[in-house]
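Descriptive structure summary
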Amino acid sequence: MQNVLSLSWVIPFLPFLAFALIGLFLHRWPKISAALSILSIGVGLILSILISMIVFAGEAGFTYEVAVRWLNMPGLSVDMGLLIDPLTAVMLLVVTIVALLVQVYSLGYMHDDPGFASYYAYQSIFAGSMLGLVVANNFGQIFVFWELVGLSSYLLIGFWFGRNSAKDAAKKAFITNRIGDFGFLLGILFLQIIFGTLNYSELAGAVAGYGNTAILITVSLLLFAGPVGKSAQFPLHVWLPDAMEGPTPVSALIHAATMVAAGVYLIARAFFIFNASPETMLVIAIIGGFTALFAASIALVQNDIKRILAYSTLSQLGYMVMAMGVGAMAAGMFHLMTHAFFKSLLFLAAGSVIHALANEQDIWKMGNLHKKMPITTWTFVIGALALSGIPPLSGFWSKDEILLSALASGHTALYILGSLVAFMTAFYMFRLIFVAFFGDNKGGEQAHESPAVMTVPLIILAVLAVVAGLVGSPLMNNAFDHYITYPGAFHPAPNHSIMIISSLLAIAGIFLAWAIYQKKWVDFERIKIKMGGLYQLLYHKYYIDEIYAWLIKHFVDGTARLMEWFDLKVINGAVNGIAWLTGHLGITLRYTEDGQVQSYALYMYAGIIILLIAALCAVFTVLA
Amino acid sequence: MNHLPILSITLFIPILGAILIMCLSANRQKAIKYIAAAATFVSLILSLLVFLNYDRAVGGMQFIEHIPWIADLGVSYALGVDGISIPLLLLTNLIGFSAVYASWNIKERVKEFFVLLLILITGVMGTFVTTDLFIFFLFYEVVVIPIYLLVIMFGSSKRVTKEYAGMKLTIYLLIGSAFLLVGLIALFVKSKALLGFPSMDIMTLAKINYPLAFQIFAYALMAVGFGTLLSMFPFHAWSPDGYAGAPTAVSMIHAGVLKKIGGYGLIRIGLFILPAGAKYIAPLIAVLAIFNVVYAAFICLSQKDLKYIVGYSSVSHMGYVLIGIAALNVISLNGAVMMMFAHGVMAALFFAMIGNLYEKSHTRNVSDFGGLAHQMPRLATGFMLAGLASLGLPGTVNFIGEFTIFVGAFSVYRVISIIAITGIILTAVYILRTLGDVLFGPRREEWDHLEDLQGPEMVPLIVLGTAILIGGILPFTVMDLINSGVGQIIAHIGTIQIGGIF
């Protein structure tokens, strides 16, 4: 069985191989390309299951690590390695399961797309990069794959490159992530220079004995910039809603379930650094909590089904980051896992709707879908219930763990904020459901249920969304926490009042949505008008995109124009000026060559006098 | 070890090709192109053999050839390569071979074009394989003539005329070489006085302990001379105009390798022979390098012509090389050499793609294009690969260069490095804007007639693309070699404390 561990490099390698083969040779045969891609991730899933069996059969501290030198010189070496421990095993399972289901689902969703083969090539490079990131044993390697998942995301957001909106969204995603990566890279450079290594376990030892708090705060905050970009935390969250321009399965896989969770994973992986500085932890908790609330408030008023889910993703990522910040690493990872299942379910179900309605995404143009699309509707409802935190679905357990940890660690304000977000989440999700799936608009008339290749993944994910939470629930003695842990972690005792309050809040949210959008007891158009200012603020996402656009236009492009002017007028002006001067000196001085012996004698005489004066000056200087 | 004078053969095969072409009638265009391709191919294979057969465990100068030439001046025809020169030799031939194919569609004055191109390739190669200062300078001067003729005969006039561009390029090269010449003469005179006999051998010159004042003086001259060649701010003005005016092959070779003679010279001649001078002036170079990186990157944002974007971008990337050279440690210098190689293949690929597009569409304005990936998917792949390499994406060799430079420089210049590293954001902005506007977006009918890359046009993409990816995925293949060369230079000069000028 241990041989399986030494084979784990195959998991990221196969998708990369599939990418290369499709890109170079197979792109003319879309079906073979898709089969190869699915096969590569399928093998990865089987290996991940085997690895998990080994890891979870062992002790909590189980680790397997191997590495090869990748870049080596005196004072700097970067490895490509494998670090298999319970944290890795969980992520491997999550990524391979969701990726496999999404790729199968895409067979139906993308079946008539002319770029079918490239789509699977991009899916493969994403899977390879993401899995490479997951198994990394050092910061150099994780940065390499971190940027490569950024590339895959860029390629897949811009997959329908003929649309200007897709083109712009892809660019925005990459550049926003680069800003985060700038900080992340500086953090890595600091680590390399201070500790002389990038390996996690070596760093863990070095950081533990390191006393310079200021440096630790700086380094950990810089490293945190990476997750802020990748996991779309405020203020770098702007790219994620726009990323919905990509095909919906991509949104499910990359922009909801796996890639955006990479930031959370990084915090968990390098928890020893973050946990070593309480100041950074507080910043992480506040940014996470703020993003959770901020994004949930925007989701309340959006009309595009994918955008609602996108803001919901932002909000849930904020939840996970907040969990990390309050020291509840296991709770954050637990929520990452359950969220991956129910959010990919929600996106794939939304994709099924969009597919059936010829790319309609406005929830107000849908309605009564539950009659025509029963599987899609009910799986979507299960996903929404899980997301809202209704017991005993998976989201309930993971959300409860986070709220419990926030309260137990003394972050009462964050606990209240988290509970409020839970209420808002239930409300906006069921607003969507009552309008799109049960509303009386005629939009859903021509809809039809999607083929089995799409509905079967939905059903599997729905089952996971229901049961996956049990592994971390008090019912199973918090088994998840037992494995995903760090030195000094504590687990507070289950608190029944927190469970009851959060469930009641979720039910209240659903009830309110039902009352407003199903029963129409309250006229929402009047609320909209009455609270016009607030509504506009939320509807326009707090105008943050507009503010950024203004800043870029005036500061970045303004500086660019200023620099160009300087280069053309000052630098090139000086160059051309010298050339002009040289030319004109030549023109002027050539008239001194006039052929008159008298004038030559005059020049000679002047020269002698100048030389004499110079010589005399020199003599006097020496004498003096 | 190796009795065949492999370096001489590599060096002179293109000249042999040029002579053969001169014997042909001007209208045998096919034959001329095949000869050029064959000559550069042989050089490429030989330099690959040198790359593979160099004994990395032993290190030092290998494949040595030595023939005394002018005894009174201590000049000899001395060739030899080490870990620093081999990657640049290989780079020259990768680009030279690709440049021939990038010029495959030339119809006018084919004979003159390829003769000049082959002479140019030999000239550039010569500077990297010689260990004699005089020969180095000789080859450096050899490249000036073909460059000037190629630009004014085959160039294109946009923002500036091709005559202006050619003249600007040539005068800058000559001004640079004037500074160098003074520096070299000073070095010769001083070393003769100290040694008691004349020598132009770099190894011999490096063994002398020159007075500090002399080192500063001579290194300053070289910093201006080589700095101009490397488009160091504020001596960079030739670069964008020059590349924009030059024909594709010249842009490829100039941006790809010729420029790197500056960086190579600063390390091999400046730092190796005059370490104290290098250390004294290093902080100034580091400060100027920030201007290179940030200032040029900002200018890229406001450019509309593809060649100007890549031209300014190359000025920006040379800033990284300069910082690597200024930080003066093994890591940063490894990074600088790697970056020179990486930027070379990337810039050459970029110019090859731009050249191909310009040839077919007769415009280089970003705003004239849009959605080209619909009509030209292969060209789009080439553009994407070059662009992603340019923004230092992991998986491309450029990432290795940048990352290594950052690690090396960050330990020496903290603030300067942080400012310079913002370049990774700015580069992403201008590269992705450009790629997006040219390749993506709705299909534009007016470009439906453009044909995608095919046949010989694919060669630059395949050759340079492979180099970008192999270097990026298996960086140790190149880095171990560079490290053996840089390690010996650092061992020679010892650990040095940087500073003095400020």
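These remarks concern the structure in this document. (Residues numbered from 1 in each chain as written. Chains lettered and ligands numbered in written order. Predicted model: local features only at pLDDT ≥ 70, side-chain atom pairs only at ≥ 80, totals over all residues. Heavy atoms only, no water.)

Let's talk about a nonpolar patch on the surface
Residues and elements named next belong to chain A. On the surface, Phe511, Trp521, Val522, Ile527, Met531, Leu534, Leu537, Tyr543, Ile547, Trp550, Leu551 and Phe555 cluster together into a nonpolar patch covering about 1200 Å² of accessible area. Counting only elements with at least two residues in the nonpolar patch, the list comes to α25 (532-539) and α26 (544-589). In terms of residue count, the dominant contributor to the nonpolar patch is α26 (4 residues). Along the chain, Trp521 falls in the loop between α23 (496-518) and α24 (524-530). (Patch = residues over 30% accessible without salt bridge, like charges linked within 9 Å, V, L, I, M, F, W, Y side chains within 5 Å. Areas by Shrake-Rupley, 256 points an atom, 1.4 Å probe, with all protein chains shown as cover. Salt bridge = Lys/Arg side-chain N within 4 Å of Asp/Glu carboxyl O. Helix = DSSP H or I, 4+ residues; strand = E, 2+ residues; numbered from the N terminus.)

Some words on helix α11 (residues 260-273) of chain B
Residues and elements named next belong to chain B. The end-to-end C-alpha distance of α11, which contains 14 residues, comes to 19 Å, matching closely the 20 Å that a straight helix rising 1.5 Å per residue would cover. At Leu266, α11 shows its largest kink, close to 30°. Within α11, 14 of the 14 residues are buried, leaving the element largely enclosed by the surrounding structure. (Expected span 1.5 Å × (residues − 1). Bend = angle between axes of the 7 residues up to and from the residue. Buried < 20%, exposed > 50% of the residue type's maximum accessible area, 1.4 Å probe, protein only.)

Describing the layout of surface pockets
When its volume is computed, the second largest pocket comes out at roughly 1100 Å³. Taken together, 37 residues form the lining of the second largest pocket, with A:Ile175, A:Ile552, A:Val556, B:Val429 and B:Arg433 sitting closest to its centre. Sorting the residues of the lining of the second largest pocket by element identifies α7 (164-195) and α26 of chain A together with α12 (275-301) and α19 (423-439) of chain B as the ones contributing at least two each. Top contributing element to the lining of the second largest pocket by residue count: α26(A), with 9 residues. Of the residues belonging to the lining of the second largest pocket, the class tally is 21 nonpolar, 6 polar and 10 charged. (1 Å grid on protein atoms, 1.4 Å probe; cavity = no way out; pocket = protein on both sides within 12 Å on 5 of 7 lines; lining within 4 Å. Points joined across faces, edges and corners; volume = space filled by probe spheres on them. Nonpolar A, V, L, I, M, F, W, Y, C, P; charged D, E, K, R; others polar.)

A closer look at the interface of chain B and chain A
Taken residue by residue, the interface counts 59 residues in chain B and 50 residues in chain A. In this assembly, chain B packs against chain A so that about 4700 Å² is buried in total across both faces, 75% of it on carbon and sulfur atoms. Summed over the shared surface of chain B and chain A, the result is 2 salt bridges. For A:Asp557, the salt bridge is made with B:Arg433, and the minimal N-O distance between the two is 3.0 Å. Taken together, chain B and chain A are joined by 14 residue pairs in polar contact (both at pLDDT 80 or more). Per-element accounting of the side of chain B that touches chain A gives the leading share, 9 residues, to α19(B). (Contact = heavy atoms within 4.5 Å. Buried area = accessible area lost by both parts, 1.4 Å probe. Polar contact = N/O pair within 3.5 Å; in protein donor to acceptor, adjacent residues only side chain to side chain.)

A closer look at the pairing of strand β1 (residues 62-70) of chain B
Residue and element names in this part refer to chain B. Inspection of the sheet shows β1 paired to strand β2 (residues 75-81) by 6 bridges, in the antiparallel sense. Bridge assignment links His66 to a residue of β2, and that residue is Ala78. Between β1 and β2, which pair antiparallel and follow one another directly, the connecting turn spans 4 residues, one of which, Gly74, has a positive phi of 70°. (Pairing = 2+ DSSP bridges.)

Keep in mind these values describe shape, not function.
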